[in-house]
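Coordinates in review
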Amino acid sequence: MPSANGRQLIYTDAFARPLLETASYVELFLKILVGMKQVPQKDAPLKLNESGTWIREDVSYEVNEPDAYALEEALRQKEKHGGEVVVITAGPARAQQVLREALAKGADRAIHLEDTAFVGLDAFNTARAFAAAIQDESFDLIFTGLQSDDYGYAQTGVILAELLGWPHATIIMQIEKKDAGIRVKRELEAGYFQFVDMPLPAVLTIQSGINKLRYATLIGIKQAKNKPLRKVAMADVQSSLSGNLQKIERLYVPQKTKNTEFLEGSAAEIAKKLVDKLRNEVRVL
Amino acid sequence: MPDSILVVVEQRDGKLNRVSWETLTAGQALAAATGWTLDAAVVGKEVANLAHEVAAKKVQRSYAVESPRFEPYTPDAFAFGLKQFIESRAPQLVLMPHTYQVRDFVPKLATAMGRTVISDCVGYKKEGDKLLFTRQMFQGKLAADVSFAGPPPWFVTFQNGAFRGDKVETGASAAPVETVKVELGDGVVREKPQAMFKEAKQAVDLTQAEIIVSVGRGIKEQKNIELAKQLAEALGGEIAASRPICDSGWLPMDRQIGSSGQTVAPKLYLALGISGAIQHIVGMKGSRTIIAVNKDSEAPIFEIADYAVVGNLFDVVPPLIEEVKKAKAGS
Ligand SMILES: Cc1cc2nc3c(=O)[nH]c(=O)nc-3n(C[C@H](O)[C@H](O)[C@H](O)COP(=O)(O)OP(=O)(O)OC[C@H]3O[C@@H](n4cnc5c(N)ncnc54)[C@H](O)[C@@H]3O)c2cc1C
Ligand SMILES: Nc1ncnc2c1ncn2[C@@H]1O[C@H](COP(=O)(O)O)[C@@H](O)[C@H]1O
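Quick notes on the rules
- Residues numbered from 1 in each chain as written.
- Chains lettered and ligands numbered in written order.
- Predicted model: local features only at pLDDT ≥ 70, side-chain atom pairs only at ≥ 80, totals over all residues.
- Heavy atoms only, no water.
- Helix = DSSP H or I, 4+ residues; strand = E, 2+ residues; numbered from the N terminus.
- Buried < 20%, exposed > 50% of the residue type's maximum accessible area, 1.4 Å probe, protein only.
- Contact = heavy atoms within 4.5 Å.
- Lys, Arg positive; Asp, Glu negative; His and termini not counted.
- Charge placed at Lys NZ, Arg CZ, Asp CG, Glu CD.
- Areas by Shrake-Rupley, 256 points an atom, 1.4 Å probe, with all protein chains shown as cover.
- Buried area = accessible area lost by both parts, 1.4 Å probe.
- Salt bridge = Lys/Arg side-chain N within 4 Å of Asp/Glu carboxyl O.
- Core = buried A, V, L, I, M, F, W, Y, C linked by side-chain atoms within 4.5 Å.
- Pairing = 2+ DSSP bridges.
- Axes fitted to C-alpha atoms, helices over the stretch in contact; angles between N-to-C directions.
- Near = heavy atom within 4 Å.
- Polar contact = N/O pair within 3.5 Å; in protein donor to acceptor, adjacent residues only side chain to side chain.
- Nonpolar A, V, L, I, M, F, W, Y, C, P; charged D, E, K, R; others polar.
- Parallel < 35°, antiparallel > 145°, perpendicular 65-115°, else oblique.
- Left-handed = near helix turned anticlockwise from the far one by under 90°.
- Domains from an automatic or database assignment.

Helix and strand content of chain A: eight helices and 15 strands. Each of the three principal axes of chain A carries a C-alpha extent, and together these read 80 × 45 × 40 Å. Across the 285 residues in chain A, those meeting the buried criterion constitute 53%. For chain A, restricting intrachain contacts to residue pairs at least 6 apart in sequence, the fraction spanning at least 24 positions comes to 66%. Considering chain A, the positive charge centre built from 36 side chains and the negative charge centre built from 37 side chains are found 4 Å apart.

Take the overall build of chain B next. When you go through chain B residue by residue, the secondary structure sums to eight helices and 17 strands. Its C-alpha atoms give chain B principal-axis dimensions of roughly 70 × 50 × 35 Å. Of all intrachain contacts in chain B linking residues separated by at least 6 positions in sequence, the fraction that spans at least 24 positions is 64%. Put simply, chain B shows about 13,200 Å² of open surface, and 49% of that area lies on carbon and sulfur atoms. Each charge class in chain B was averaged separately, 38 positive and 38 negative side chains, and the resulting centres sit 0 Å apart.

The next thing to look at is the interface of chain B and chain A. Opposite the 83 residues of chain B that make contact, chain A presents 84 residues. Where chain B abuts chain A, roughly 7,600 Å² becomes buried across the two surfaces, and 56% of that area is made up of carbon and sulfur atoms. Considering only the side of chain B, the residues that lose the most area to chain A are B:Tyr100, B:Phe138 and B:Tyr307, jointly responsible for 9% of the buried surface there. The tally of links from chain B across to chain A stands at eleven salt bridges.

Judged by nonpolar contacts, the single largest core of 78 residues is most densely connected at A:Trp54, A:Leu113, B:Leu24, B:Leu93, B:Phe133 and B:Phe158. Within the second largest apolar cluster, 38 residues are counted, among which are A:Val284, B:Ala234, B:Leu313 and B:Leu320.

Time to look at the sheet that holds strand β9 (residues 142-148) of chain B. Strand order in the open sheet formed by ten strands is β14(A)-β9(B)-β8(B)-β7(B)-β10(B)-β6(B)-β1(B)-β4(B)-β5(B)-β11(B), and the pairing between neighbours is mixed. Looking at strand neighbours, the two that pair on one side only are β14 (246-252) of chain A together with β11 (177-181) of chain B, the edges of this open sheet. Pairs of neighbouring strands in the sheet enclose a mean axial angle of 35°, with direction left out of account. Here three bridges tie strand β1 (residues 4-9) of chain B to strand β6 (residues 93-97) of chain B, and the two strands are oriented parallel to one another. Each residue of the ladder has a partner; that of B:Val7, found in β6(B), is B:Leu95.

This part takes up the site of ligand 1. Ligand 1 sits among 33 residues. The nearest are B:Lys220, B:Ser242, B:Ile257, B:Ser260 and B:Ser275. Surrounding ligand 1 is a set of residues that belongs to chains A and B. Between ligand 1 and B:His280 there is a distance of 2.8 Å, counted from an oxygen atom to a side-chain nitrogen or oxygen. Between ligand 1 and the protein, one listed contact pairs a nitrogen atom with a side-chain N or O atom of B:Asn312 at 3.1 Å. Protein burial of ligand 1: of its 990 Å² of free accessible surface, 93% is covered by the chains. Among the elements of the structure, α4 (100-112), α6 (243-247), α7 (278-281) and α8 (313-330) of chain B are those that each provide at least two residues to the shell around ligand 1. A per-class count over the shell around ligand 1 returns eight nonpolar, 18 polar and seven charged.

All names here are of chain B. Packing of helix α5 (residues 225-235) against α8 brings their axes to within 9 Å, and their N-to-C directions diverge by 25°. As far as their axial angle goes, α8 and α5 are roughly parallel. As α5 packs across α8, the resulting crossing turns out to be left-handed. Counting all contacts with α5, which are made through Leu227, Gln230, Leu231, Ala234 and Leu235, the residues of α8 involved are Leu313, Phe314, Val317, Pro318, Leu320, Ile321, Val324, Lys325 and Lys328.

Another aspect to go through is the domain arrangement of chain B. Residues and elements named next belong to chain B. As far as domains go, chain B holds domain 1 (4-181) and domain 2 (206-330). Using C-alpha coordinates to define each centre, domain 1 is positioned 35 Å away from domain 2. Each side of the interface is counted separately: domain 1 has eight residues, and domain 2 has ten residues. Summed over both partners, the interface of domain 1 with domain 2 buries about 650 Å², with 45% contributed by carbon and sulfur atoms. Considering only the surface of domain 1 that becomes buried against domain 2, Tyr100, Gln139 and Lys141 emerge as the three largest contributors, covering 51% of it. Where domain 1 meets domain 2, there are zero salt bridges. Counting across the domain 1 and domain 2 interface gives one residue pair in polar contact (both at pLDDT 80 or more). When grouped by side-chain class, the residues that make up the side of domain 1 that touches domain 2 number one nonpolar, six polar and one charged.

The next subject is the site of ligand 2. Residues and elements named next belong to chain A. Contacts to ligand 2 come from 19 residues, most closely from Asp67, Ala90, Ser148, Ala154 and Thr156. Backbone polar atom of glycine 145 to an oxygen atom of ligand 2: 2.9 Å apart, as the coordinates give it. The separation between an oxygen atom of ligand 2 and a polar main-chain atom of tyrosine 153 is 3.2 Å. Considered on its own, ligand 2 offers 480 Å² of accessible surface; in the complex 98% of this is hidden by protein. Broken down by secondary-structure element, the contributors of at least two residues to the shell around ligand 2 are β6 (83-91), α4 (123-133) and β8 (141-145). Sort the elements by how many residues they give to the shell around ligand 2 and β6 lands first, with three residues. When the residues that make up the shell around ligand 2 are grouped by side-chain class, the tally is six nonpolar, eleven polar and two charged.

Within the open sheet, the six strands sit side by side as β15(A)-β17(B)-β16(B)-β15(B)-β13(B)-β14(B). Their pairing is parallel. The sheet terminates laterally at β15 (261-262) of chain A together with β14 (238-241) of chain B, the two strands that pair on one side only. Two strands pair when backbone bridges link them, and strand β16 (residues 289-294) of chain B and strand β17 (residues 307-310) of chain B are joined in this way by four bridges, in the parallel orientation. Bridge pairing links B:Asn294 to B:Val310 in β17(B).

Next up on the list: the environment of A:Thr260. Tracing the backbone through its elements, the reader meets A:Thr260 in the loop between β14 and β15. When neighbours within four sequence positions are excluded, A:Thr260 is seen to be in contact with B:Phe302, B:Ala305, B:Asp306, B:Tyr307 and B:Ala308. Of the polar contacts made by the side chain of A:Thr260, one reaches the backbone oxygen of B:Phe302; its length is 3.1 Å.

Here it is, written out as structure tokens:
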């Protein structure tokens, strides 16, 4: 039976005595960190805060969509190669929810950079906070989503790679472990793809749809309660951060650029109005 | 030396990408607004001819930034090579199009220089001495004006379609072209990219369709796709979808509209339960008429719709199918 002992996978004989480690066993063991962000739910109505620089916090939240796929991919890689899946988030207490869900789905442990102030960091500082929080760990792979639904920087993962000095690849739709490193499938524009080989450790930003998501099981939810969750305070990483390099001066509802005609009435009336437009204005009927 | 703006255009296989002209237009507008000079750079293995093409536009100088290691593209080579080049020229502002390639390397480049990127911007504002860059947030539901809080160079990427590429100004005479060779040692590039390819052949060519009925996640369940199909059929159009619908396998991939799918410009684009994320909009905003049905009055799709119905698609679509059938039978 193989057993995970720190970073190394040790095979034992029938008497639980360690067998000679073979290089490939050790190599296939993957320790993966997954960045999981909590963002406002897709159809949550957003209201601006008093200063007009951020939204009011009283909305419902969910996990950032591509991050859910990143977690799923990490779990699948672990199931294939053995290893460990660690999830990390930076956000206020409410963000623990995404970690709990990830633990219930099969992640082994979680790291929570817990402070409301993490919400206001730019991508540079979020990545620096992550780098500081994991400095005593040694991951083979870090997955993030390709972008967040709230800020939409599309940067945190790539910045983290640069801070760690690791190679990276973005918009990933497939990951395959090779003898030396990994082969990933990058999505390009307009239906094109490309395979890229790269060494480990590496950072990958994951695209939604790379796999099919699993649901947490009842037993998983139960087990999650006993899994380790390490909290990191702002004070623990503060010395690694700087002031934000970019600043939101104001947030607002975008002005309409098009003269949109809103059709109102009962469903039947709307149907009639639409057909009238289709016939007389759009001229497709 | 006055402050300068550098536009890094994008090329593939010896051809400039169309968005390059959009970013140049943005650069020209910003140069006019700030009084800063404008330079452009093409990055690649041998790109002097492309630098000459750019030099015909109103720029002060056009650079060909070259290394054999720029071909094929890797983020390591681009970040490392451009860092050298940008440090040597010290521009105030560096502009690039927000393409998949740029978003792959520009955060690395900026980080390597200790700088930041305001990404995926749709415009800029100059308020007093302050430059603000406007970007969409919360999937386009809100917009933000963002300023730089650190030292230059300031990196900005502009969203596809944010500026008009056909509005780029031609120069009075061709600008000087300078070739800059950058040194990239062994071991800089860690990624080994293979050739680009397309997945299985496309069975439908939606670019030819005059009428497209497109469904988004508002359709809720696979079995409800049938409803949209009935409407498409009644109208004599094709069915298409947003990405999540194709990811779920509810419709085949070749029916996906958007930046990673097809780009269409039919006479009529009817969007059912689609929120209007930018990656979807780039694939259909050229449609002659856009009708959107969405239960959320603040859905970004309404910003580009000609006719808008705020409501439940399951209430609106069935009577619409009937009315269309009636109209067709009567005509
Ligand atoms: C690099 C990249 C590439 C991408 N490429 C593409 C692409 O090519 N094409 C693409 O489409 N997306 C693409 N996306 C994804 C894109 O960002 C959005 O996530 C996606 O377009 C959202 O799809 P949607 O509008 O169907 O779903 P959602 O955003 O979930 O919107 C569903 C909408 O339905 C409405 N709704 C719900 N119920 C009803 C009802 N009963 N009646 C009426 N309305 C209802 C809701 O109000 C909501 O507005 C890409 C993303 C990235 C990052
Ligand atoms: N505060 C956060 N907590 C956890 N993950 C984050 C956070 N911010 C960014 N990420 C990760 O980085 C990805 C890209 O985010 P962004 O750069 O904001 O578009 C997200 O999909 C997450 O995986």
